[in-house]
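# Geometric and topological summary
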Amino acid sequence: IRDVERSRGLGDVYKRQVVYSERLWAPLSWWLIGAAVALSLIVAIGAWTSLATGGIVAVIVVVVVVAAFIKAGSVRIVVTEEGFGVGRSWIEWHWVDRVRGMDAQTMNSVMRSSHQVGSFLVTRPWIRSGLVLRLADPADPHQAWIVSTRRPGKLAAIVGEYIVVPGSPSSSENLSGNSMEDNHG
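Residues numbered from 1 in each chain as written. Predicted model: local features only at pLDDT ≥ 70, side-chain atom pairs only at ≥ 80, totals over all residues. Heavy atoms only, no water.

## Structural notes on the overall build of the protein chain
In terms of helices and strands, the protein chain carries eight helices and nine strands. When contacts within the protein chain are restricted to residue pairs at least 6 apart in sequence, those whose partners lie at least 24 apart make up 70%. Surface exposure of the protein chain reaches about 10,300 Å², of which carbon and sulfur atoms provide 60%. (Helix = DSSP H or I, 4+ residues; strand = E, 2+ residues; numbered from the N terminus. Contact = heavy atoms within 4.5 Å. Areas by Shrake-Rupley, 256 points an atom, 1.4 Å probe, with all protein chains shown as cover.)

Dropping the structure here:
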């Protein structure tokens, strides 16, 4: 995993031409569940303590729940002509071997199997579909990245355009910057 902040700076990635971008925000239903949990904690604690203590706990619980959803949902998937990023992690295309978009059933099977052991995971329980990037970097401690996405087919198709398979007829074309610019304008 290449930590973007250490290698080039996170801002540099987002200044490049972004081909695809997606945030992993929680849907409204999850916010409502979080609010219900917070409310039940507030009522339970408020019923057994003073009004002041209940108010303090209410503020703390609401701040924690909101902060957790904002933090978890602020993760951004980014595809540029140079590579793939998720959150602060970044990988260049020459280190990506294969890609596969996964519907909800396939994602569930992968996450419950041994295939995810040793993989870099950026998954969210409110997004059931995902993407697997198989890596070709022998020095990377992760054999694959498994990432939640709401549009696995579209993201896999875009990523697939950038993967360079060594020895393929198009690998010399894909290594030149011009062919990628021609494909994505």
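Having seen the structure, we can now continue with the description.
## Comments concerning the pattern of salt bridges
Tallied over the full model, the rule gives one salt bridge. Put simply, Asp97 and Arg98 hold a salt bridge, and the shortest N to O gap is 3.6 Å. Judged by relative accessible area, Asp97 falls into the partly exposed class, the value being 31%. (Salt bridge = Lys/Arg side-chain N within 4 Å of Asp/Glu carboxyl O. Buried < 20%, exposed > 50% of the residue type's maximum accessible area, 1.4 Å probe, protein only.)

## Looking at the confidence of the model for the protein chain
Of the residues in the protein chain, 80% reach a pLDDT of 70 or more, and the chain-wide mean stands at 80. Overall, residues 1-10 carries pLDDT values under 50, and its contacts beyond four positions in sequence, including any with other chains, amount to 27 contacts. Note that residues 170-185 has pLDDT below 50 and, in this model, 18 contacts with residues that lie over four places away or in other chains. (pLDDT = per-residue confidence, 0-100.)

## Concerning the side chain of Asp140
Relative to the helices and strands, Asp140 is located in the loop between β8 (130-135) and β9 (144-148). Owing to a relative accessible area of 9%, Asp140 belongs among the buried residues under this scheme. Reaching out from Asp140, the side chain makes a polar contact with the backbone nitrogen of His142 at a distance of 2.9 Å. (Polar contact = N/O pair within 3.5 Å; in protein donor to acceptor, adjacent residues only side chain to side chain.)

## Thoughts on a nonpolar patch on the surface
A surface patch of nonpolar side chains, about 310 Å² in accessible area, is lined by Trp25, Val62, Val66 and Ile70. Considering the arrangement of structural elements, one finds Val62 in helix α4 (residues 51-73). (Patch = residues over 30% accessible without salt bridge, like charges linked within 9 Å, V, L, I, M, F, W, Y side chains within 5 Å.)

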